[in-house]
Amino acid sequence: MKSIKKLLINIFELVKRNKILTGILLIALLLRFTGVYPGYHPYHSDEGMSYSSAIEMIRNLNIDPTRYDYPSLAPLINAFFYIIFFIPLFILKSLILDSGDLPTKGRNLIELWQQVVIQNQQTDVLFWGRYVTALFGVGVVLLTYLVANRLFGDRRIGLVAAFLTAVNFRQVLNSHLGLPDIYNSFFLLLALFIFTLILQNPTKKNYLLGGIAIGLFFSTKFQIFVIPPFLLVHTKSAWDGLKNKTSVEFLKKLLNSNIFITCIVATLVTVLINPYHLIKWEEFIGANAYTVLKYTVGIKTLDFYPLLYLFHIGLGEMITVIILLGILIALRKYTFHSLILLSVVFPFFYVFIYYTGGGYYTRNFVTITPLLLIFAGIFIIECCRFLINRKRYGFLNNRYG
């Protein structure tokens, strides 16, 4: 807990000192929070997995989401914010604004409570959930900066990537709805950030944090895309820690206690967050069997629709070209660190544009958009560096040539 508290304090101090980052976060906050209310039509079929399940948890005093096609982390987060912030604010607002004597206010409050929590009308609670998503959307922008900065050692890359994420159409759009994609993006970036800590300092504490991050990401959408970058980072840490570069010593280092700590902690976190998926196993299997059919898992057909969507709308034509060029530059200049990001991006695209038909649901790509925009940041900064150096050396050549 002390290390997490210290990390949060350091992040707060970083934001406080960095005026450009503060400005980017304010833009992200403005775009996300002002779009929540009145917002979009309140009947998206998947939004119930956050706000409705959260209310069920509060009403039943347990962590049963009552639907099992998604994990429990998003509704748990919503329930937490409802209890500590929205419900007290709702009660206080009702007591202050209601007219009449105390018994009348009490009756009105009970009626409102029944409407919002017991009857679970899609009114206040729905927008509470959307505000929580907007907050995590701002968190995605911050984590994009932190991951880019730590991976590539240049805060300018982080700032450009964070700005592009702050104004990206799909990132902003999905921050206005209580869907799991923004949470998925947030916990993916959080895991990658912790993996950079392991890369720098492979201690048991950082491996433990890595296990927590993997468990949290899996508990958002039942995805395992954080496993390849973790294995890459662990393999690199094991190799760098060798004194004698032999295969036997490398194997021992690779299978040390740290990786088992990560695996055990990730499993424990997953079970602790999702116990009712195990308790109600048959319902869980039934719900996800339908998802497998809906996503046509195993189709193995290249789907150009999501690629065209990303090119024209999700990312934009110019940004897509910049991302592709940025990947080429990054692979040449920052080979290993680029592979950490690409070890998420390539499997993700394989699953959603070839192995399944999941790419039809384009909101899935919200998860990896910030990773792609980090490559755009690399291209833009490298171009600026090239132009500045060319101008500088061109001036010297003209002067002394």
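In case you missed it, the structure is sitting above this.
## Some thoughts on the overall build of the protein chain
Each helix and strand in the protein chain was counted, giving 19 helices and zero strands. Long-range pairs, those at least 24 residues apart, make up 78% of the contacts in the protein chain between residues at least 6 apart in sequence. Total accessible area on the protein chain stands at roughly 20200 Å², and carbon and sulfur atoms take up 69% of it.

## Regarding a nonpolar patch on the surface
Together, L251, L255, F260, I264, L268 and L272 make up an exposed nonpolar region whose accessible area comes to about 640 Å². The element contributing the most residues to the nonpolar patch is helix 13 (residues 257-273), with four residues. Inspection of the secondary structure puts L272 in helix 13. Note on L272: relative accessible area 63%, which makes it exposed.

## Observations regarding empty space enclosed by the protein
Gaps between atoms show up when a probe of the same size as a water molecule is rolled over them. This model, assessed by the stated rule, comprises one cavity of 30 Å³ or more. Taken as a whole, the largest cavity spans an internal volume of roughly 30 Å³. In terms of lining, the largest cavity is formed by R170, Y309, L310, G314, T362, F365, V366 and T369. For the lining of the largest cavity, the class distribution of residues is four nonpolar, three polar and one charged.

## Comments concerning helix 2 (residues 19-33)
The first and last C-alpha atoms of helix 2 sit 21 Å apart over 15 residues, in line with the 21 Å expected at 1.5 Å per residue. Every buried residue of helix 2 is accounted for by L21, I24, L25, A28 and R32. All buried residues of helix 2 lie within an arc of 95 degrees about the axis, which places them on one face of the element. Structural note: helix 2 exposes K19, I20, L26 and L30 on the side pointing more than 90 degrees away from its buried face. By the N-cap criterion, in which a side-chain oxygen at the helix start approaches the backbone nitrogen of a residue two or three places on, helix 2 is capped by N18, the distance to I20 being 3.3 Å.

## Structural notes on the packing of aromatic side chains
Under the definition given, this model contains 29 aromatic pairs. Ring centres of Y82 and F86 lie 6.1 Å apart, and the angle between their planes is 85 degrees; on these two criteria the pair is classed as edge-to-face. You can see Y82 and its partner F86 sitting in helix 4 (residues 73-97), four residues apart, about one turn around the helix. Accessibility expressed as a relative area gives 11% for F86, which makes it buried. Ring plane angle 20 degrees and centroid distance 6.0 Å describe the contact between Y350 and Y355, whose orientation is recorded as stacked. Residue Y355 is classed as partly exposed on the basis of its relative accessible area, which comes to 30%. In this structure an aromatic cluster arises from ring pairing among F225, F348, F349, F352 and F365. One cation-aromatic arrangement involves K236 over F336; the distance from NZ or CZ to the ring centre is 5.5 Å. The ring of Y361 has K294 sitting right over it, with the charged end atom 5.5 Å from the ring centre.

## Details of the pattern of salt bridges
Throughout the structure, instances matching the rule amount to 13 salt bridges. Residue D181 is joined to K221 by a salt bridge in which the shortest nitrogen-to-oxygen separation is 3.0 Å. Remark: K221 occurs in helix 10 (residues 204-221) and D181 occurs in helix 9 (residues 181-200); sequence separation between them is 40 residues. Relative accessible area serves as the criterion here: at 0%, D181 is assigned to the buried category. You can call K221 buried: its relative accessible area is 11%. Each of D46, R67, D69, D181, K221 and R363 takes part in salt bridges that share partners, so that together they form one network.

## Thoughts on the environment of F90
With respect to the helices and strands, F90 occurs in helix 4. Residue classification places F90 among the buried positions, given a relative accessible area of 10%. Along the backbone, F90 and D124 are 34 residues apart, and their C-alpha atoms lie at a distance of 9.0 Å.

## Brief notes about the packing of helix 2 against helix 7 (residues 155-167)
Angle between the axes and distance between the axes: these two values describe a pair of packed helices. With their axes 9 Å apart at the nearest point, helix 2 and helix 7 run at an angle of 10 degrees to one another. By the angle between their axes, helix 2 is roughly parallel relative to helix 7. Packed against helix 2, whose contacting residues are I20, L21, I24, I27, A28, L31 and R32, the element helix 7 presents L159, A162, F163, T165, A166 and V167 at the interface.

Thresholds applied
Residues numbered from 1 in each chain as written. Predicted model: local features only at pLDDT ≥ 70, side-chain atom pairs only at ≥ 80, totals over all residues. Heavy atoms only, no water. Helix = DSSP H or I, 4+ residues; strand = E, 2+ residues; numbered from the N terminus. Contact = heavy atoms within 4.5 Å. Areas by Shrake-Rupley, 256 points an atom, 1.4 Å probe, with all protein chains shown as cover. Patch = residues over 30% accessible without salt bridge, like charges linked within 9 Å, V, L, I, M, F, W, Y side chains within 5 Å. Salt bridge = Lys/Arg side-chain N within 4 Å of Asp/Glu carboxyl O. Buried < 20%, exposed > 50% of the residue type's maximum accessible area, 1.4 Å probe, protein only. 1 Å grid on protein atoms, 1.4 Å probe; cavity = no way out; pocket = protein on both sides within 12 Å on 5 of 7 lines; lining within 4 Å. Points joined across faces, edges and corners; volume = space filled by probe spheres on them. Nonpolar A, V, L, I, M, F, W, Y, C, P; charged D, E, K, R; others polar. Expected span 1.5 Å × (residues − 1). Arc of directions from axis to C-beta. Polar contact = N/O pair within 3.5 Å; in protein donor to acceptor, adjacent residues only side chain to side chain. Phe/Tyr/Trp six-rings, centres within 6.5 Å; stacked < 30°, edge-to-face > 60°. Lys NZ or Arg CZ within 6 Å of the ring centre and 35° of its normal. Axes fitted to C-alpha atoms, helices over the stretch in contact; angles between N-to-C directions. Parallel < 35°, antiparallel > 145°, perpendicular 65-115°, else oblique.

These values are about where atoms sit, not about what they do.
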